[in-house]
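What follows is the residue order along each chain.
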Amino acid sequence: LKLLERLPQCFEVDGDLLRVKGTGSPFAFDESLGRLEDVIAAVHDGAVDFAAWAYESKKVVKFAAKGTDGLAGLRSAFVARPTVCYGLLRQHHPLNPSVAVFALLTWIPDGVSPLLRGAVNAHRAVVRDIFAPVHVDITAEDPAALGEDVVQQAFHHFVTHTSV
């Protein structure tokens, strides 16, 4: 299902803004650089293996990057920005490579204001629903927490606690 069909009660289209409703702190995705639905579909379909969005303000999140260089590319997109970012990462299931698994990574770098941190906490559950399916959810406040070993351990935990 398309995003607006899957979660119709969550959105209101306003020009280039896709306003997200139903959170204690309303916010919007600025789609001027790419439609949210199209970018998410590109990750889910395997055309790219990551996409990132960054906060422009505490109420506006904007598409920032996408690519085919996996976690390394996503990590580069995150650390290049001094603000909170969300990333959707596609990887192959460790035990069944024909199955894709997805991670939501949230980057909260040093120096982020308490107001933005609060907004992120209010928005994260809705973002997870928007990016669904999400099998692994990781929040990082320093680049080491975005290491390959950390992400693989999270996917391993998912694999050992679910069945395909």
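Structure first, text after, so check above.
Nothing here was measured: the structure is a model prediction, and the numbers come from that model.

Undergrad: Looking at this model, I keep getting lost on the overall build of the chain. Mind explaining?
TA: Looking only at helices and strands, one finds five helices and eight strands in the chain. Moving toward the C terminus, one meets the helices and strands of the chain in the order α-β-β-β-α-β-β-α-β-β-α-β-α. Computed over its C-alpha atoms, the radius of gyration of the chain comes to 15 Å, within 12% of the 15 Å expected for a compact globule of 164 residues. If you line up the chain on its principal axes, its C-alpha atoms span 40 × 40 × 25 Å. Within the chain, buried positions represent 49% of all 164 residues. For the chain, restricting intrachain contacts to residue pairs at least 6 apart in sequence, the fraction spanning at least 24 positions comes to 56%. A total accessible area of about 7,900 Å² is found for the chain, and carbon and sulfur atoms account for 54% of it. Here the chain contributes 15 positive and 19 negative side-chain charges, whose respective centroids are spaced 4 Å apart.

Undergrad: I'm lost on the packing of aromatic side chains in this one. Help?
TA: Each aromatic ring pair is characterised by the separation of its centres together with the angle its planes make. Using the criterion set out here, one finds five aromatic pairs in the structure. Taking the centre distance of 6.3 Å and the plane angle of 70° together, the rings of Trp 53 and Phe 63 count as edge-to-face. Note that Trp 53 is positioned in strand β4 (residues 50-57) and Phe 63 in strand β5 (residues 60-67), a separation of 10 residues in sequence. Taking the relative accessible area as the measure of exposure, Trp 53 reaches 2% and is therefore buried. Taken together, Trp 53, Phe 63 and Phe 131 form an aromatic cluster joined through their ring pairs.

Undergrad: Explanation requested: helix α3 (residues 70-79) in the structure shown.
TA: Residues separated by three or four positions in an α-helix point in the same direction, a consequence of the helix having 3.6 residues per turn. Turning to α3, its buried residues number three or more, namely Gly 70, Leu 71, Gly 73, Leu 74, Ala 77 and Phe 78. Buried positions in α3, seen along its axis, are confined to an arc of 160° and lie on one side of it. Here the buried face of α3 lies against β4, β5, β6 (85-92), β7 (100-107) and α5 (148-160).

Undergrad: It is not clear to me how the sheet that holds β6 should be interpreted in this structure. Could you clarify?
TA: Pairing between sheet strands relies on hydrogen bonds along the backbone, with the strands arranged either parallel or antiparallel. Strand order in the open sheet formed by eight strands is β1-β2-β3-β5-β4-β6-β7-β8, and the pairing between neighbours is mixed. One side of each edge strand has no neighbouring strand; the edge strands of this open sheet are β1 (11-14) and β8 (136-140). On average, each strand axis in the sheet is tilted by 25° relative to the strand beside it, whichever way the strands run. Relative to strand β3 (residues 27-30), strand β2 (residues 17-20) runs antiparallel, the two sharing four bridges. Across the sheet, Val 20 pairs through a bridge with Phe 27, a residue of β3.

Undergrad: How do you make sense of the pattern of salt bridges when you look at a structure like this?
TA: In a structure, side chains of opposite charge can pair up when their charged atoms sit close to one another. Under the definition given, this model contains seven salt bridges. The partner of Asp 14 in a salt bridge is Arg 19, with the nearest N and O atoms 3.0 Å apart. Exposure remark for Arg 19: the relative accessible area of 32% places this residue in the partly exposed category. For Asp 30, the salt bridge goes to Lys 62, with nearest N and O atoms at 3.8 Å. Pair noted here: Asp 30 is in strand β3 and Lys 62 is in strand β5, with a separation of 32 residues, a long-range link.

Undergrad: How should the pairing of β6 be read in this particular structure?
TA: Each regular strand shows side chains that alternate between the opposite faces of the sheet. Counted residue by residue, β6 has six buried out of eight residues, so it is predominantly covered. Judged from the five bridges that link them, β4 and β6 form a sheet pairing that is antiparallel. Each residue of the ladder has a partner; that of Ala 54, found in β6, is Cys 85.

Undergrad: When you look at the pairing of β2 in this model, what are you seeing that I'm missing?
TA: The two faces of β2 differ: Leu 18 and Val 20 on one face are buried, but Leu 17 and Arg 19 on the other face are not. As judged from the four bridges shared by β1 and β2, these two strands associate in the antiparallel manner. When the sheet's bridge partners are listed, Val 13 is paired in β2 with Leu 18. Between the end of β1 and the start of β2, which pair antiparallel, lie two residues, with Gly 15 showing a positive phi angle near 65°. Hairpin connection from β2 to β3: six residues lie between these consecutive antiparallel strands, with Gly 22 at a positive phi of about 90°.

Parameters at a glance
- Residues numbered from 1 in each chain as written.
- Predicted model: local features only at pLDDT ≥ 70, side-chain atom pairs only at ≥ 80, totals over all residues.
- Heavy atoms only, no water.
- Helix = DSSP H or I, 4+ residues; strand = E, 2+ residues; numbered from the N terminus.
- Rg over C-alpha atoms; globule rule 2.2 N^0.38 Å.
- Buried < 20%, exposed > 50% of the residue type's maximum accessible area, 1.4 Å probe, protein only.
- Contact = heavy atoms within 4.5 Å.
- Areas by Shrake-Rupley, 256 points an atom, 1.4 Å probe, with all protein chains shown as cover.
- Lys, Arg positive; Asp, Glu negative; His and termini not counted.
- Charge placed at Lys NZ, Arg CZ, Asp CG, Glu CD.
- Phe/Tyr/Trp six-rings, centres within 6.5 Å; stacked < 30°, edge-to-face > 60°.
- Arc of directions from axis to C-beta.
- Pairing = 2+ DSSP bridges.
- Axes fitted to C-alpha atoms, helices over the stretch in contact; angles between N-to-C directions.
- Salt bridge = Lys/Arg side-chain N within 4 Å of Asp/Glu carboxyl O.

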